[in-house]
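Each chain is listed here by its residues.
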Amino acid sequence: MDKKEVPGSSNPNRFLCTCIILLLILAGITALVVYFVYRPSKPHFSVARLSVFALTNNVSSQYPNLLCTSMQFTFVLNNPNDRVGIFYDRLSVYVYYHNEPITPPAALPPIFQEPAGTVALSPVVGAPSVPVSGDALTQLTADRAYGAVGLKVVVLGRVRFKSGPFKSGWSMLYVRCDLAVGLKKGGTGTAVPLLTEAKCPVET
């Protein structure tokens, strides 16, 4: 004889499953709210000032395709998130002209940026002898005669984010600043005008 199912005998299991599903939904909603509240935002980089002390052919060298470079950038870093701090580490600054590096990498110290904080960095980059192509030197002479020189400044490093006691893992940081600067022959030694918007796209 088949056993008859007692009415209501499955209710406890059904109630337990319903409670578990509701708890999972609530946990998911809570996690989603916490994520949107505390999710990290990319820092904002911009160039506030540029001084060029040297950007000329090193004529004293026996090698003709050498460039003497010396310049100082003032970067402004803004943290747009008022709940998350940012650690910066292993930062290096490079300067390119026509896709050729014209400075060796300049290392920057580790930084911690408070939530909604602003940090200014003013590294000096350059070297007395940087090898470049003859085409780059020719183009640089023409650009300076015209009064506008295009430079690409790259910042490489890594970042991590801190929210309360929680810290994210390290992720790579890539910042690129494409600048057009007003620079004529003999115009080095002082701050030069920035002819384009100095905001820099950031990838993390």
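Rules used throughout
- Residues numbered from 1 in each chain as written.
- Predicted model: local features only at pLDDT ≥ 70, side-chain atom pairs only at ≥ 80, totals over all residues.
- Heavy atoms only, no water.
- UniProt positions renumbered as here; feature names shortened; annotations may be inferred.
- Helix = DSSP H or I, 4+ residues; strand = E, 2+ residues; numbered from the N terminus.
- Buried < 20%, exposed > 50% of the residue type's maximum accessible area, 1.4 Å probe, protein only.
- Contact = heavy atoms within 4.5 Å.
- Areas by Shrake-Rupley, 256 points an atom, 1.4 Å probe, with all protein chains shown as cover.
- Pairing = 2+ DSSP bridges.
- Salt bridge = Lys/Arg side-chain N within 4 Å of Asp/Glu carboxyl O.
- Patch = residues over 30% accessible without salt bridge, like charges linked within 9 Å, V, L, I, M, F, W, Y side chains within 5 Å.
- pLDDT = per-residue confidence, 0-100.
- Expected span 1.5 Å × (residues − 1).
- Arc of directions from axis to C-beta.

As annotated in an unreviewed UniProt entry, the protein carries the name Late embryogenesis abundant protein LEA-2 subgroup domain-containing protein and comes from Rhynchospora pubera. Per UniProt, the protein has the following entry under Subcellular location (unreviewed entry): "Membrane".

Draft legend 1. Just the overall build of the protein, in detail. Assigned secondary structure in the protein consists of two helices and 14 strands. The burial tally for the protein puts 36% of its 204 residues in the buried class. In the protein, once contacts between residues fewer than 6 apart in sequence are set aside, the share between residues at least 24 apart is 72%. Total accessible area on the protein stands at roughly 12,200 Å², and carbon and sulfur atoms take up 60% of it.

Draft legend 2. The arrangement of the pairing of strand S11 (residues 171-181) in detail. Bridging between strand S9 (residues 149-163) and S11 involves eleven bridges; their strand directions are antiparallel. Pairing of valine 155 across the sheet is with valine 175, part of S11. Alignment of S11 against strand S14 (residues 202-203), held across two bridges, turns out to be antiparallel. Along S14, the bridge assignment pairs tyrosine 174 with glutamate 203.

Draft legend 3. Representation of the pattern of salt bridges in the model. Taken as a whole and assessed by the stated rule, the structure comprises four salt bridges. A salt bridge links aspartate 82 to arginine 83; the shortest N-O distance between them is 3.7 Å.

Draft legend 4. Structural detail: a nonpolar patch on the surface. A cluster of nonpolar residues, Leu16, Ile20 and Leu24, forms a patch on the protein surface that exposes about 310 Å² of accessible area. By secondary structure assignment, the location of isoleucine 20 is in helix H1 (residues 11-38). On the accessibility criterion, isoleucine 20 (42% relative accessible area) is partly exposed.

Draft legend 5. Main features of the confidence of the model for the protein. When pLDDT is averaged along the protein, the result is 85; 84% of the residues meet or exceed 70. Put simply, H1 is where the protein has its lowest mean pLDDT, 68, and strand S3 (residues 85-97) is where it has its highest, 96.

Draft legend 6. Fine view of helix H2 (residues 134-146). Relative to the 18 Å expected for 13 residues at 1.5 Å per residue, H2 spans 19 Å between its end C-alpha atoms, a close match to the ideal helical length. Where H2 is concerned, the buried positions are Ala136, Leu137, Leu140, Asp143 and Arg144. Down the axis of H2, the smallest arc covering the buried residues is 125°, so these residues share one side. H2 presents Asp135, Thr138, Thr141, Ala145 and Tyr146 as exposed residues on the side facing more than 90 degrees away from its buried surface. Lining the buried residues of H2 we find strand S1 (44-57), strand S2 (66-78), S3, strand S4 (100-101) and S9. A positive phi of about 100° marks glycine 147, the residue just after H2.

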